[in-house]
Amino acid sequence: MNLNFIALCLVLTHGALSAQEQVYDATDRIPSLNFNAAFHLPGGDLKDRFGSSFMFGMGYQLKGETNYYWGAEVSALVGSEVRAPNIIDVVTVDDGDVINVNGNIAEVRLWERGAQGQLFVGKIFPVIGPNKNSGIFLQAGAGYMYHKIRIETIGEAVPQLNDDLKKGYDRLCMGFATSQVVGYRHFSNHQRINFYIGLEFIQAFTEDVRAYDYNTRSANQDKRLDLLSGLKFGWTLPLFQKTHNQY
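Residues numbered from 1 in each chain as written. Predicted model: local features only at pLDDT ≥ 70, side-chain atom pairs only at ≥ 80, totals over all residues. Heavy atoms only, no water.

> Tell me about the sheet that holds strand β8 (residues 173–187), residues and numbers included.
Around the barrel, eight strands lie side by side as β1-β2-β3-β6-β7-β8-β9-β10; this closed barrel has antiparallel pairing. Averaged over all neighbouring strand pairs, the angle between strand axes comes to 25 degrees, with direction disregarded. (Pairing = 2+ DSSP bridges. Helix = DSSP H or I, 4+ residues; strand = E, 2+ residues; numbered from the N terminus. Axes fitted to C-alpha atoms, helices over the stretch in contact; angles between N-to-C directions.)

> Go over unusual backbone geometry with me, naming the residues and quoting the values.
Phi at Asn 67 takes a positive value of approximately 70 degrees, unusual for a residue other than glycine. If you trace the backbone, Asn 67 turns up in the loop between β2 (53–63) and β3 (68–79). One non-glycine residue, Arg 171, lies in positive phi territory at about 55 degrees. Here Arg 171 lies in the loop between α2 (163–166) and β8. By relative accessible area, which is 16% here, Arg 171 ends up buried. (Buried < 20%, exposed > 50% of the residue type's maximum accessible area, 1.4 Å probe, protein only.)

> Please provide a residue-by-residue account of the pattern of salt bridges, values included.
Pairs may arise between side chains of opposite charge once their charged atoms sit close together. The full count for this structure, using the stated rule, is nine salt bridges. With a closest N to O distance of 3.9 Å, Arg 49 and Asp 208 form a salt bridge. Residue Arg 49 is found in the loop between β1 (30–44) and β2, and its partner Asp 208 is found in strand β9 (residues 194–208); the two are separated by 159 residues along the sequence. By the burial criterion, Arg 49 is buried, and Asp 208 matches it. Arg 210 is the partner of Asp 170 in a salt bridge, and the nearest nitrogen-oxygen pair spans 2.8 Å. Placement of the pair is Asp 170 in the loop between α2 and β8 and Arg 210 in the loop between β9 and β10 (223–238), with a sequence separation of 40 residues. Here Asp 170 falls in the buried class, since its relative accessible area comes to 4%. For Arg 210, a relative accessible area of 23% puts it in the partly exposed group. (Salt bridge = Lys/Arg side-chain N within 4 Å of Asp/Glu carboxyl O.)

> Could you give an account of the pairing of β3, naming the residues involved and the relevant values?
The two faces of the sheet receive side chains in turn, since in a regular strand these alternate between them. Here β3 shows one buried face, formed by Tyr 69, Gly 71, Glu 73, Ser 75, Leu 77 and Gly 79, and one open face, formed by Tyr 68, Trp 70, Ala 72, Val 74, Ala 76 and Val 78. Examined bridge by bridge, β2 and β3 share ten bridges and lie antiparallel to one another. Within β3, the residue paired with Gly 59 across the bridge is Glu 73. Where β3 and strand β6 (residues 108–125) come together, twelve bridges link them in antiparallel fashion. Each residue of the ladder has a partner; that of Glu 73, found in β6, is Gln 118.

> Could you give an account of the environment of Ile 30, with specific residues and numbers?
One can find Ile 30 in strand β1. Between the C-alpha atoms of Ile 30 and Leu 237, which are 207 residues apart in sequence, the distance is 9.9 Å.

> How would you summarise the nonpolar core if you had to cite specific residues and measurements?
Counting 23 residues, the largest nonpolar core has Met 55, Ile 87, Ile 88, Met 145, Ile 149, Ile 151 and Leu 161 as the members making the most contacts within it. Counting residues per element, the ones that place at least two in this core are β7 (135–153) and β9. Tyr 69, Ile 124, Val 181 and Phe 187 belong to the second largest nonpolar core, which has eight residues in total. (Core = buried A, V, L, I, M, F, W, Y, C linked by side-chain atoms within 4.5 Å.)

> Before we move on, can you summarise the environment of Asn 133 with the specific residues and values?
Considering the arrangement of structural elements, one finds Asn 133 in the loop between β6 and β7. Spatially, the C-alpha atom of Asn 133 lies 8.3 Å from that of Arg 185, the residues being 52 residues apart in sequence. One polar contact links the side chain of Asn 133 to the main-chain amide nitrogen of Asp 28, over a distance of 2.8 Å. A polar contact of 2.9 Å, which involves the side chain of Asn 133, links it to the side chain of Lys 63. (Polar contact = N/O pair within 3.5 Å; in protein donor to acceptor, adjacent residues only side chain to side chain.)

> Give a detailed account of the side chain of Asn 131, specifying residues and quantitative values.
Relative to the assigned elements, Asn 131 resides in the loop between β6 and β7. From its side chain, Asn 131 meets the backbone oxygen of Phe 187 in a polar contact 2.7 Å long.

Structure, rendered in structure tokens:
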């Protein structure tokens, strides 16, 4: 009897493992978390202020059984190339340096910083991939974006660039933004490798929101078209997966 019981356990175990290995044999409803990173080149008005940048984001997504999906996402925008180095000329000495409270030259660094939040919808076309949940996808989104110049004084007491006064130099811009992504999305049959990669295009209709620019001694009320385009890669963590196998 013991041998028969062991044999029955082995058969059931083999059947369960086979079912787990074949998760996606039809289009499934898949809620998931997305973690992504993107590299962008600037365009429009943005290229006059910043160079290339990165976006790091996360969001929630729900894919339906018709391969349409929708969700929400937030991303942080970071960059190290600022093409407006003269934004604090009004507080520099003749050679362009900033003096701290001790009379020494302060180290000042400029960075690109920002963020974006959006809602998106998309469609997966299962023309390639290991199952009907994978394939070429098209996605469109709409939301809000802001960007600014981060002014950083490294370990220095610089009263002319304290937290309140920096707001008069950082050129903070905000506005409505749209985005489009085209690429490939992959859902593994074994539930382990789920990712997407594609080309992303962002259009932000922003304007300067600071009431006054200390360096130019004027108010900024410009309407801007800030463009980003580049490569986006994301890792998907499914929250629930079902199987259609019967055994």
